[in-house]
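So the chains spell out like this:
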Amino acid sequence: MIRNKHHMTDNITIESAGINLSAVIDFPDGFDKKNKTPICIIIHGITGNKEEPHLLAVRDAALRAGCVTLRADMYGHGESGGFFCDHTLNLWLDNILSVLEYVRDLDYVSDIYLCGHSQGGCAVMLAAAAYGERFEIAGLIPLSPACHIPDNSRRGEILGIEFDPMHIPDELPLWDDFVIKSDYLMVAQTINMEESIDKYTGPVLIVHGSADESVPIKYGRDAANRYKNSTFVEITGDTHCFDYHADEMAAVVEKWLKNDDM
């Protein structure tokens, strides 16, 4: 266990879907493994990784709220195994399941919270529906959730890039060197977000920037309206990755995890 200037940290690997996931566990000040402590699992977005500034802001907020945190790079991302072009939402669900199984075996863990940004927000929404009862997921925190990916894939659009949804190309370039394959789009087309939202009845916090151009805020608001037990917070003037007001987003997460009045 490494002690940095603020808190203790464990770098770990978790086997999942034939590869090793790279993950980091951070412990709050005064942490004692003899005591049961909540944990917040944090998942990045489609081209992201566990070290992005907005995710570190969430980590710090959760630590201040007295939670342990676990940030994991998903399949083909960051320092984890696999290739970006081969990832799908189903693979990410497998990854999140592996993380949940790892966390459940930690003697010091009490409540489990799931937090994800963008595609990670979509993924934790699906995971809460699939695994919520099995792992007794205490709460869900989608940030700028890209819950429009399935519907858009059925319409023939992903991340602003158009394709023929009836004749999916073998490969679809996104930007820079990022390319997705037909498997990604075919899997996305099979997903029903509304059913997944309806299956999870625990508390949900959705935070979204009003100036998000990647995932318009209406998608976060619509998801919050559909959840049975949700809180929705708009960060005025902020972007998809909370480039301007990450501190405000983090303060909302901290307050919610502390169960303070919102």
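Fair warning: this is a prediction, and the values are worked out from it, not measured in the lab.

Draft legend 1. Spatial organisation of the pattern of salt bridges. On inspection of all chains with the given rule, the structure shows 13 salt bridges. When the shortest N-O distance is used, the salt bridge between Lys-50 and Asp-73 registers 2.7 Å. Of this pair, Lys-50 sits in the loop between strand S4 (37–43) and helix H1 (53–64) while Asp-73 sits in the loop between strand S5 (68–72) and helix H2 (89–104); the two residues are 23 residues apart in sequence, bridging distant segments of the chain. As far as the burial class goes, Lys-50 and Asp-73 line up, both buried. The partner of Lys-218 in a salt bridge is Asp-222, with the nearest N and O atoms 2.9 Å apart. Here the residue Lys-218 and the residue Asp-222 both occupy positions in helix H7 (residues 217–226), the gap between them amounting to four residues, near one helical turn. Using a relative accessible area of 43% as the deciding quantity, one classes Lys-218 as partly exposed. Among the ionic contacts, a cluster of salt bridges with common partners joins Asp-26, Glu-51 and Arg-71.

Draft legend 2. The arrangement of the layout of surface pockets in detail. For the largest pocket, the calculated volume is near 340 Å³. If you trace the largest pocket, you find 23 residues lining it, with Ile-46, Ser-118, Leu-159, Ser-214 and His-240 closest to the centre. Residue composition of the lining of the largest pocket, by class: nine nonpolar, eleven polar and three charged. Each pocket or cavity is described by its volume, and for the second largest pocket that value is around 220 Å³. Around the second largest pocket sit 13 residues that line it, and Cys-147, Asp-151, Glu-194, Tyr-219 and Asp-222 are the ones nearest its centre. Ranked by the residues each element gives to the lining of the second largest pocket, the list is headed by H7, at five residues. Of the residues contributing to the lining of the second largest pocket, the split by class is five nonpolar, two polar and six charged.

Draft legend 3. Looking closely at the pairing of strand S12 (residues 204–209). When you tally the buried positions in S12, you get six out of six residues, the bulk of the element. Burial of S12 is two-sided: the residues Val-204, Ile-206 and His-208 facing one way and the residues Leu-205, Val-207 and Gly-209 facing the other way are all buried. Note: strand S7 (residues 137–143) against S12, two bridges, orientation parallel. Paired with Leu-143 across the bridge in S12 is Val-207.

Draft legend 4. Representation of the nonpolar core. Counting 68 residues, the largest nonpolar core has Leu-70, Ile-96, Leu-100, Leu-114 and Leu-140 as the members making the most contacts within it. Residues within four places of Leu-140 in sequence aside, it is in contact with Leu-114, Val-124, Met-125, Ala-128, Tyr-200, Pro-203, Val-204, Leu-205, Tyr-227 and Trp-256. Listed in part, the 24 residues of the second largest apolar core include Leu-55, Ala-62, Ala-65 and Ala-250.

Draft legend 5. Local environment of H7. Listed in full, the buried residues belonging to H7 are Ile-217, Gly-220, Ala-223 and Ala-224. Considered in projection along H7, the buried side chains sweep an arc of 130° and stay on one side of the axis. Where H7 is buried, its residues contact helix H3 (119–135), helix H6 (193–199), S12 and strand S13 (230–235).

Draft legend 6. Representation of the state of the cysteines within the structure. For the structure on display, the rule yields zero disulfides. Cys-40 forms no disulfide, and the closest cysteine sulfur to it belongs to Cys-115, at a distance of 5.0 Å. On the basis of relative accessible area, Cys-40 is assigned to the buried category, the value being 0%. Left without a disulfide partner, Cys-147 is nearest to the cysteine sulfur of Cys-122, which lies 6.8 Å away. Cys-147 gets classed as buried once you look at its relative accessible area, which sits at 11%.

Draft legend 7. Summary view of the environment of Val-252. Tracing the backbone shows Val-252 in helix H8 (residues 246–257). For the pair formed by Val-252 and Tyr-227, sequence separation is 25 residues and the distance between their alpha carbons is 18 Å.

Draft legend 8. Inspection of the environment of Asp-177 at higher detail. Relative to the assigned elements, Asp-177 resides in the loop between strand S10 (171–173) and strand S11 (179–181). Counting along the chain gives 93 residues from Asp-177 to Phe-84, while the straight-line C-alpha distance between them is 9.9 Å.

Draft legend 9. Expanded view of the side chain of Thr-69. The topology assignment puts Thr-69 in strand S5. Looking at Thr-69, the relative accessible area reads 0%, which means it is buried.

Draft legend 10. Structural detail: the environment of Thr-13. Its place among the elements puts Thr-13 in strand S2 (residues 8–16). By relative accessible area, which is 55% here, Thr-13 ends up exposed. Excluding anything up to four places from it in sequence, Thr-13 contacts Asn-20 and Leu-21.

Cut-offs and rules
- Residues numbered from 1 in each chain as written.
- Predicted model: local features only at pLDDT ≥ 70, side-chain atom pairs only at ≥ 80, totals over all residues.
- Heavy atoms only, no water.
- Salt bridge = Lys/Arg side-chain N within 4 Å of Asp/Glu carboxyl O.
- Helix = DSSP H or I, 4+ residues; strand = E, 2+ residues; numbered from the N terminus.
- Buried < 20%, exposed > 50% of the residue type's maximum accessible area, 1.4 Å probe, protein only.
- 1 Å grid on protein atoms, 1.4 Å probe; cavity = no way out; pocket = protein on both sides within 12 Å on 5 of 7 lines; lining within 4 Å.
- Points joined across faces, edges and corners; volume = space filled by probe spheres on them.
- Nonpolar A, V, L, I, M, F, W, Y, C, P; charged D, E, K, R; others polar.
- Pairing = 2+ DSSP bridges.
- Core = buried A, V, L, I, M, F, W, Y, C linked by side-chain atoms within 4.5 Å.
- Contact = heavy atoms within 4.5 Å.
- Arc of directions from axis to C-beta.
- Disulfide = S-S within 2.5 Å.

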